[in-house]
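Spelled out from the first residue to the last, the chains are:
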Amino acid sequence: MWKTQLEVAEAAAKVGGAVAARHFRGGIEAVVKNLGEGEGTYNMVTQADLDGERAIVEVIRATFPDHAVLGEELHGGGGEMAKTLASEHLWIIDPIDGTSNFVHGIPHFGVSVAYYHQGVAACGVVGNPVTNDWFAAARGQGAFHNGRRASVAPNRRIDEVLVGFGYYYDRGAMMEATIAAARELLQRNSHGIRRMGAATLDLAYVGIGSFGAFFEYELAPWDFAAGRLFVEEAGGKVTTCHGEPLPLAKTSLLASNGPLHDDMVAIMDHWFKR
C-alpha cells in the first residue's frame, strides 16, 4: 500500500532537490518575506524555493492531477490553507527547509514531500540534496535512510543523548521560552543542544538515532509533514510540546525516541504555557 505515492514522493523530492542544489552552487538571491510587517529581515525566500516548488508539483500532478497540494510558497497556503488541509488526497511539500542556511552558503537544508490520506500521513520523503542523504517512510512499512532501515536511539535518559531544537521567527516570549528549555536540557547534562536550522532534517536525525529528541514551539505543516512519519516509523513518538496529539496545522512539536518523551514534555510544558 502507498507504493505508487511513495515512488512519486521520492521522484518529486529528487527533482526539487536537484533544483535547490543547482541554485546553491550557482549563486543565490533572496528577498525578505513580509518586509515592513515587523518580522525583521530573517524570513527569506529565494528563486530556488519558487522553482523547486513548481518542479515538485509538476512531478506530483503528472500522476495525481486531481490531488490537492499545500506548499510553503505557492500552493494552498494563506487563507486557503484550512480548506487545503481538509482535502482527502493531500500532498504537503517544502522545496527548501532551512532557507537561512541555504542563503548563507551552509549546505544543511532539506526538501520535504509527504502524502496524506484523509488527514493521516501515508508516506513521505526528506532529503539533503547537497550531501545526498535521503530519508523515506511509509505507514506500516518502516523508515529508511539511504535504503537502510532506520531506528531511533535506545537511550532512556536525557544525560545520554543530544537534543535538537529550533525556533520560529518570533523573537519575543517564544524565543525566551526556547532558550530557557535549552538551558535546562544543558543543566540536565544532555550531551549537548543543537540548533541546526532545518526541522525536516532534525526530525530525520531523531529517526536515525542521532538526536534523542527534537523540539520547536511553532512549526507549520510543511516543516513536519514527512519528518513526523519518519520518526514514528522508526519507532519514535511525535506530539505537541505539551504531549497532545499532533494536529495537521501550525503547532508546537516534540519528537523523541519514546522513552525520553515524558521527561521532555515536562520540560517543554514548564517553559512555554498554552
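This structure is a prediction, so every number in the text was calculated from the model and none was measured.

The secondary structure content of the protein amounts to nine helices and 14 strands. Residues counted as buried form 55% of the 274 residues belonging to the protein. Roughly 11700 Å² of accessible area belongs to the protein as shown, and the carbon and sulfur atoms make up 49% of that amount.

Here we take up the confidence of the model for the protein. Across the protein, the average pLDDT comes to 91, with 89% of residues at 70 or higher. Overall, residues 30-37 carries pLDDT values under 50, and its contacts beyond four positions in sequence, including any with other chains, amount to 20 contacts.

Spatially, the five strands line up as an open sheet ordered β11-β10-β12-β14-β13, and their pairing is mixed. The sheet is open, and its two edges are formed by β11 (192-194) and β13 (237-239), each paired on a single side. Strand-to-strand twist in this sheet, taken as the mean axis angle between neighbours without regard to direction, amounts to 15°. Contacts from helix α5 (residues 173-187) reach β10 (162-165), β11 and β12 (213-219) within the one sheet, and its direction differs from that of β12 by about 170°. The strands touched by helix α6 (residues 199-207) are β10, β12 and β14 (251-256); relative to β12, the strand with the most contacts, the crossing angle is about 150°.

Turning our eyes to something else, we now look at the nonpolar core. Formed by 39 residues in total, the largest nonpolar core has its most connected members in Leu-90, Ile-92, Tyr-116 and Leu-253. The biggest single contributor to this core is α6, with six residues. Judged by nonpolar contacts, the second largest core, of 22 residues, contains Val-111, Val-113, Ala-122 and Cys-123.

In summary, the side chains of a regular strand alternate between the two faces of the sheet. Across the six residues of strand β7 (residues 133-138), five count as buried, placing the element largely inside the fold. Of the pairings in the sheet, the one linking strand β6 (residues 120-128) to β7 comprises six bridges and is antiparallel in character. When the bridges of β7 are listed, Val-126 appears paired with Phe-135. What sits between β6 and β7 in their antiparallel hairpin is a turn of four residues, with Asn-132 showing a positive phi close to 60°. In this structure, β7 lies alongside strand β8 (residues 142-145), joined through four bridges in antiparallel fashion. Paired with Phe-135 across the strands is His-145, a residue of β8. The antiparallel pairing of β7 with β8 creates a hairpin that spans three residues between the two strands, and Gly-140 there sits at a positive phi of about 80°.

Moving on, we get to the environment of Asp-97. Structurally, the position occupied by Asp-97 is in strand β4 (residues 89-97). Considering only alpha carbons, one finds Asp-97 and Gly-110, 13 residues apart in sequence, at a separation of 4.9 Å. Setting aside residues up to four positions removed in sequence, Asp-97 forms contacts with Phe-109, Gly-110, Ala-198, Ala-199, Thr-200 and Asp-223. Within the structure, the side chain of Asp-97 is placed 2.8 Å from the backbone nitrogen of Thr-200, a separation counted as a polar contact.

On to the environment of Glu-72. Mapped onto the elements of the fold, Glu-72 is located in the loop between β3 (68-71) and α3 (81-85). Its relative accessible area of 22% is what places Glu-72 among the partly exposed residues.

Spanning 15 residues, α5 covers 21 Å between terminal C-alpha atoms, matching the ideal 21 Å at 1.5 Å per step. Looking at α5, one finds that the buried residues are Met-174, Met-175, Ala-177, Thr-178, Ala-180, Ala-181, Ala-182, Glu-184 and Leu-185. Of the surrounding elements, those touching the buried residues of α5 are β10, β11, β12 and α9 (261-271).

One open sheet holds the seven strands; their spatial order is β3-β4-β5-β6-β7-β8-β9, and the pairing between them is mixed. Sheet topology places β3 and β9 (148-149) at the edges, where each strand pairs with a single neighbour. Across seven bridges, the pairing between β4 and strand β5 (residues 110-117) is antiparallel. Bridge pairing in β5 places Leu-90 opposite Tyr-116.

Taken as a whole, α9 has its buried residues at His-261, Met-264, Val-265, Ile-267 and Met-268. Burial along α9 is one-sided: seen end-on, the buried residues are contained in an arc of 165°. Contact partners of the buried residues in α9: β10, α5, β12, β13 and β14.

Criteria and thresholds
- Going along each chain's sequence as written, the residues are numbered from 1 onward.
- Totals for whole chains, interfaces and linings use every residue, but because this is a predicted model, local features are given only for residues with pLDDT of at least 70 and side-chain atom pairs only at 80 or more, for both listing and counting.
- In computing side-chain values, all of the structure's heavy atoms are included and hydrogens and water are not.
- A run of H or I in DSSP becomes a helix once it reaches four residues, and a run of E becomes a strand once it reaches two; helices and strands are each numbered from the N terminus.
- The buried label applies to any residue whose accessible area, calculated with a 1.4 Å probe on protein chains only, is under 20% of its type's maximum; exposed applies above 50%, and partly exposed to all values in between.
- Each accessible area value is a Shrake-Rupley result obtained with a 1.4 Å probe; residue values ignore everything except the protein chains displayed when judging cover.
- The score called pLDDT rates the predictor's confidence residue by residue, from a low of 0 to a high of 100.
- Residue contacts are defined here by distance: any two heavy atoms, one from each residue, within 4.5 Å place the two residues in contact.
- Strand pairing is defined by DSSP finding a minimum of two bridges between the two strands.
- Simply put, an axis is a line fit to the C-alpha atoms, just over the touching stretch for a helix, and the angle between two N-to-C directions goes from 0 to 180 degrees.
- We call a set of buried residues a nonpolar core when its members are Ala, Val, Leu, Ile, Met, Phe, Trp, Tyr or Cys and they connect through side-chain atoms within 4.5 Å of each other.
- Definition of a polar contact: a pair of N or O atoms within 3.5 Å, with one able to donate and the other able to accept a hydrogen when the atoms are protein atoms, and with sequence-neighbouring residues admitted only if both atoms are side-chain atoms.
- For a helix, the expected span equals 1.5 Å multiplied by the residue count minus one.
- It is the directions from the helix axis to the C-beta atoms whose arc is reported.

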